[in-house]
Structures are given as structure tokens and as C-alpha cells.
Amino acid sequence: MAANHISGPHDVSLSDFGYQQELDRTLSVKDLVIYGLIFMVPIAPMGIYGSVISVSHGMIALTYAIGMVAMFFTALSYGQMSRAFPIAGSVYTYAKLGINKTIGFLSGWMIILDYIFVPALLYIISANSIKSLLPGVPTWIWLVLFIGINTLINVRGIEFTAIANRIFLAGELIVLAFFLVLGTYGVMHGVGNGFTLKPFYDASQFNLNFVMTATSVAVLSFLGFDGISTLAEETTGGNKTVGQGIMWSLMLVGVLFIAQTYLAALIVPNWHSFGDLDTAFYVVAGKVGGPFLTYLTTIATILSWGFANALAAQAAISRILFGMSRDHNLPKALAKVHPKFKTPYVSTLLVAIISLIVGLIFMNNSGVLSEIVNCGALTAFLVIHVAVVNHFLIKGHSHDYWHHLIVPMIGFAVILFVMLNLDSLAKEIGAAWLVIGLVYYGTLRLTQRNTEMNL
């Protein structure tokens, strides 16, 4: 049924695909941009600055610039699919309607691997970071506090979530502004070696393998713009809204990533001097702002992960579970919408429970958990590019070869390269998760629990 909508993505509606409008439409392009910025975290490089600058041999601004360009092609493909299919579910929906239901389910299954564990990872990082500042308070208390507050906000309503996002984003941007102003002033008055292009290109250190390996790490900071597509049934302004939100948020956060890492590399040009890579950025901040800026950037990172980013991640995965449940690919209870707040509250509560359990299990081993969350999103990105070609070019006979062939091919190649550079453990876990999904999907078909499935 839905696969027949291949020629006119400008005027299709939710009812064209057999769905009713259940969620509350209140989000504008501005809200989506804020949501995307929150999901990607404008100050995200602060937390991984040490590892990225080390691997890139000081050319960290270049790695983030390449990362932004790399994600640009995937964002374009998301924009094309969001206009054709204005439905919640993100890659699950796009693959299901753009290719077939089997690939759709498996794509949704793989993105779950990423999204279902991301909130738990963010809570763990934040809780453990606070422990370093307040060692007398048990870490699990912070974990419960983060999860409880975020769940309450997300159940309360997407409009309420949007308000919270604005507050968190404002705080992050204020902290970033402090760093940029103080950092620029410091470099102008003798901190570091002055303004130079070495964070973009250092002839004595340049090696394409180093830069591309660092890019495969930095590009993960951009993961999250796709979460905007999960809110497709809660937006106003037509089918272009999601695509516009994706592109604006990606470009804005890319500029912020490049600006802060470039300035940080100027402040401490000798990246070999960092003793602890995990705290490298906070050392940089201290060089221009003293203990005040060190603590400010540390606390901002904790709050952005534990509240802002996790809040957006929880909202995104709950919408994916909602979409898959509505199509009878997951227990139907996950598709229940709160009668007052118009949110998928059962899915939201399930994510909270899983986050608490996973958080307690991996509290002292976040490294293993971080390996799990990367493979799912990148696999889904590969499928998105295939879906664009299949839906528009093969089925729809499109002549827009730039958007429907060249862009997807470039995006596919870039994502494939990043995946090949992932740790072997992430690949193994991803493969195991895919096998479990195949078994589960096969069981659904054999037991005929989903009578509408077809290959």
C-alpha cells in the first residue's frame, strides 16, 4: 500500500499510509533544530577531546570538518525519505516503505541496539563524573535521579520536552560562549603559540590514515541528527519540516564542534602533554579561565549528557518502539498513547526500566557499553542510502540523479568506511544482535502473530 507513494512526496499525509494521527503536533522547524542540537550536544567534543586530538596528531579541527561533510550526505538521504514518508519510526519506517517490511524490521532492530543503550551509557558517564566531584554520594543515586527526571519530562509531553530542551541548550551555549570568548582572549594575549592553521593542517604530522581514523571517532559525535526523524508525527509545517530540521541542526553543530576544537588546539598546541586524555579539555579550559572554567565545563558536560542528551535519546527510542509496535512487530502495549499527554508513555517507561537495569550492570564498565551503541546506527545509515535509491530511482524512476543516486552512493561509502574502522567487539555484538533479530522475526512469521508481514 504505502510503497505506491513514490512520485509525490510533497503532499502525502499520515492517513495515506493507513495510520491515524494520535500524537500531538506542536513542533516547528525551530523545535526540531533545538532537539537535534541537544541530541548531538554542542559541547560533545569536550568529553572526547583528548582521544580525538591524540589520534589525529593535533589536526582535530580537520577531523570534525571531515565528519560534518561525511554526515551531510546521510542527512540529505534522511531528508528525502522524511518528505516521502512523514511517519514516526525513522529508519524502520523508511526501510519498510522504501524497500520492504523485512528490511524495515531488521533496520529498526539494529537502530534499537543503538538507541536503547544510549540513554544508559549517558547516565553512567554523568553519574560517574559527578562521583569525582561528590565522592560521598553513591553513584546509583545519581543514576536513579537522572532517569526519573527525564522519564517524567518525556511522559509529560513532547511540548514540555521541547521547553526543557531549550533550557538545556541555552545552558550549553552559554558555557561554550564563555570558553570561546576567554579562549580567544587568551590566544590573543600569549596563551599557546598564537593563531595558526595547524589544527586544520600540520605538514609535519599529516598522515591520511591518522586523520581518517580520527574522523571515524569524531563522526560519532554527529550521531543523533537522525533522531529528529522519529518526531515526524509531532511536527507542523508539512513534510519538509523534518528534513529542514535535520540539515540545520547538523550544520550548526558542525560549526560549533570545529570552533571549540580549533580554539582548544591553539590554547594547548602540545597535545603530547596531556596526562589523562579523558580530562584533556578541562585542562585546556583551565589555561584560559582558571578553576572556574574547568569546573564549569566539567559540570556542563555532566548535565548535557545526563539530562539533555539522554532526554532526547529516550524520546527518540520510545517513538521507534511506538512505530514498530503499531505495526505489530513488537508487543502492542508499546504503542499505547497517554490519553492526556499524547505521548507513547509505555515505551518511554520501558526505556527507563532498561536504562536503570543496564546502568546498574555496566556502572563500572562503560567502555564495553560504548562499543555496543555505535554499530546499530551506522548499519541503519547504510540502509537509508539503499532505501533512497530503491524507492526513488528504481521504483519511482526518478531523474534526480544527484539526490537519488550520487548522494546515497557517497553517503554509503563514507559510512561503510567508518564501520570498517569500528572496534572488532562492536562488529561482533552488532552481528549477534542481527542474528537475534532474524530469529525473532522468523518466529513472528512462523507463529503468524503478524498477519500483514510480507517479504
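You'll find the protein entered in an unreviewed UniProt entry as Porin, with Lactiplantibacillus fabifermentans T30PCM01 given as the organism. Its UniProt record gives the protein a comment under Subcellular location (unreviewed entry), which states: "Cell membrane".

K.L.:
Where do I start with the overall build of the protein in this structure?
P.N.:
The number of helices and strands found in the protein is 15 helices and zero strands. Against the globule reference of 23 Å for 455 residues, the protein gives a C-alpha radius of gyration of 22 Å, in line with a compact fold. In the protein, buried positions account for 57% of the 455 residues. Residue pairs in contact within the protein that sit at least 24 positions apart in sequence constitute 81% of those at least 6 positions apart. As displayed, the protein offers around 18,000 Å² of accessible surface, 67% of which is attributable to carbon and sulfur atoms. Across the protein, the mean location of the 21 positive side-chain charges is 6 Å away from that of the 20 negative side-chain charges.

K.L.:
I tried to follow the nonpolar core on my own but got confused; where do I start?
P.N.:
When a protein is soluble and globular, its nonpolar side chains tend to lie buried together. Core analysis: the biggest nonpolar cluster contains 135 residues, and Tyr49, Met71, Ile112 and Phe225 have the highest contact counts within it. The element contributing the most residues to this core is helix H11 (residues 280-326), with 20 residues. Look past the residues within four positions of Ile112 in its chain and what remains in contact with it is Phe117, Ile317, Ile320, Leu321, Met324, Leu330 and Trp433.

K.L.:
Sorry, what's going on with the packing of aromatic side chains here?
P.N.:
Where two aromatic rings form a pair, the distance of their centres and the angle of their planes describe that pair. In the structure shown here, the tally under the stated rule is 20 aromatic pairs. Measuring from centroid to centroid gives 5.9 Å for Tyr78 and Phe381, while their planes differ by 85 degrees, and the two rings are edge-to-face. Here Tyr78 is found in helix H3 (residues 60-84), whereas its partner Phe381 is found in helix H13 (residues 366-395), with 303 residues between them in sequence. Exposure remark for Tyr78: the relative accessible area of 0% places this residue in the buried category. Looking at Phe381, the relative accessible area reads 0%, which means it is buried. Grouped by ring-pair contacts, the aromatic residues Phe105, Trp109, Trp433, Tyr440 and Tyr441 constitute a single cluster.

K.L.:
Just to check I follow, could you spell out the side chain of Ser347 for this structure?
P.N.:
Relative to the helices and strands, Ser347 is located in helix H12 (residues 345-361). Those residues within four positions of Ser347 in sequence are excluded, and the remaining contacts are Ser318, Leu321, Phe322 and Leu334.

K.L.:
What am I meant to see in the environment of Leu62 here?
P.N.:
Of note, Leu62 is situated in helix H3. As a C-alpha pair, Leu62 and Thr261 span 199 residues in sequence and 9.4 Å in three-dimensional space. Here Leu62 is in contact with Pro199, Phe200, Phe206 and Val211, once residues within four sequence places are set aside.

K.L.:
In this structure, what is going on with the environment of Ala127? I would like to understand it.
P.N.:
Note on placement: Ala127 falls in helix H6 (residues 118-133). For the pair Ala127 and Phe206, spaced 79 residues apart in the sequence, the C-alpha separation amounts to 37 Å. Leaving out residues up to four positions away in the same chain, Ala127 has contacts with Thr139, Trp142, Leu143 and Phe146.

K.L.:
Looking at this structure, how should I read the packing of helix H10 (residues 240-267) against H11?
P.N.:
Helices that pack against each other are described as a pair by the angle of their axes relative to one another and the distance between those axes. Direction vectors running N to C along H10 and H11 enclose 70 degrees, while the axes themselves pass 10 Å from each other. Classified by the angle between their axes, H10 and H11 sit roughly perpendicular to one another. Of the two elements, H10 crosses H11, and the hand of that crossing is left-handed. On H11, the residues that touch Gln260, Ala264 and Ile267 of H10 are Phe281, Val284, Lys287 and Val288.

K.L.:
Can you help me understand the pattern of salt bridges in this one?
P.N.:
Pairing is possible between side chains that carry opposite charge, provided their charged atoms lie close to one another. In total, this model carries two salt bridges according to the counting rule given. With its nearest N and O atoms 2.3 Å apart, the salt bridge here joins Asp31 to Arg166. Within this pair, whereas Asp31 is found in helix H1 (residues 29-40), its partner Arg166 is found in helix H8 (residues 158-188), the two being separated by 135 residues in sequence. Judged by relative accessible area, which is 9%, Asp31 ranks as buried.

K.L.:
Looking at this structure, how should I read unusual backbone geometry?
P.N.:
We note that His328 has phi near 65 degrees; this positive angle belongs to a residue other than glycine. Overall, His328 belongs to the partly exposed group, its relative accessible area being 44%. With a phi close to 55 degrees, Lys342 is a non-glycine residue in the positive phi region. Among the residues examined, Lys342 registers a relative accessible area of 35% and is labelled partly exposed.

K.L.:
How do you make sense of helix H7 (residues 139-156) when you look at a structure like this?
P.N.:
Given 3.6 residues per helical turn, the α-helix brings residues three or four places apart onto the same face. The end-to-end C-alpha distance of H7 is 26 Å, a good match for the 26 Å that 18 residues give at a rise of 1.5 Å each. Looking one or two places after H7, you find Gly157, whose phi comes out positive at around 145 degrees.

K.L.:
Any chance you could explain the side chain of Asn154 here in plain terms?
P.N.:
If you trace the backbone, Asn154 turns up in helix H7. Within polar-contact distance, the side chain of Asn154 engages the backbone oxygen of Leu311 at 3.1 Å. There is a polar contact of 2.8 Å between the side chain of Asn154 and the side chain of Gln314.

K.L.:
Would you take a moment to explain helix H15 (residues 424-446) for this structure?
P.N.:
With 23 residues, H15 extends 33 Å between its outermost C-alpha atoms, agreeing within 8% with the 33 Å of an ideal straight helix rising 1.5 Å per residue. Turning to H15, its buried residues are Ala426, Gly430, Trp433, Gly437, Tyr441 and Leu444.

K.L.:
Any chance you could explain a nonpolar patch on the surface here in plain terms?
P.N.:
A surface patch of nonpolar side chains, about 430 Å² in accessible area, is lined by Leu133, Leu134, Tyr295, Ile299 and Leu303. At three residues, H11 tops the list of elements feeding residues into the nonpolar patch. Tracing the sequence through the fold places Leu303 in helix H11.

K.L.:
Explanation requested: the packing of H11 against H12 in the structure shown.
P.N.:
Interhelical geometry of H11 versus H12 gives an angle of 125 degrees and a closest axis separation of 8 Å. With respect to each other, H11 and H12 are oriented oblique. At the point where H11 passes H12, the crossing takes the right-handed sense. Contact residues: H11 offers Gln314, Ile317, Ser318, Leu321 and Phe322, while H12 offers Ser347, Thr348, Leu350, Val351 and Ala352. A per-class count over the contact of H11 with H12 returns six nonpolar, four polar and no charged.

Reading guide: rules and limits
Residues numbered from 1 in each chain as written. Predicted model: local features only at pLDDT ≥ 70, side-chain atom pairs only at ≥ 80, totals over all residues. Heavy atoms only, no water. UniProt positions renumbered as here; feature names shortened; annotations may be inferred. Helix = DSSP H or I, 4+ residues; strand = E, 2+ residues; numbered from the N terminus. Rg over C-alpha atoms; globule rule 2.2 N^0.38 Å. Buried < 20%, exposed > 50% of the residue type's maximum accessible area, 1.4 Å probe, protein only. Contact = heavy atoms within 4.5 Å. Areas by Shrake-Rupley, 256 points an atom, 1.4 Å probe, with all protein chains shown as cover. Lys, Arg positive; Asp, Glu negative; His and termini not counted. Charge placed at Lys NZ, Arg CZ, Asp CG, Glu CD. Core = buried A, V, L, I, M, F, W, Y, C linked by side-chain atoms within 4.5 Å. Phe/Tyr/Trp six-rings, centres within 6.5 Å; stacked < 30°, edge-to-face > 60°. Axes fitted to C-alpha atoms, helices over the stretch in contact; angles between N-to-C directions. Parallel < 35°, antiparallel > 145°, perpendicular 65-115°, else oblique. Left-handed = near helix turned anticlockwise from the far one by under 90°. Salt bridge = Lys/Arg side-chain N within 4 Å of Asp/Glu carboxyl O. Expected span 1.5 Å × (residues − 1). Polar contact = N/O pair within 3.5 Å; in protein donor to acceptor, adjacent residues only side chain to side chain. Patch = residues over 30% accessible without salt bridge, like charges linked within 9 Å, V, L, I, M, F, W, Y side chains within 5 Å. Nonpolar A, V, L, I, M, F, W, Y, C, P; charged D, E, K, R; others polar.

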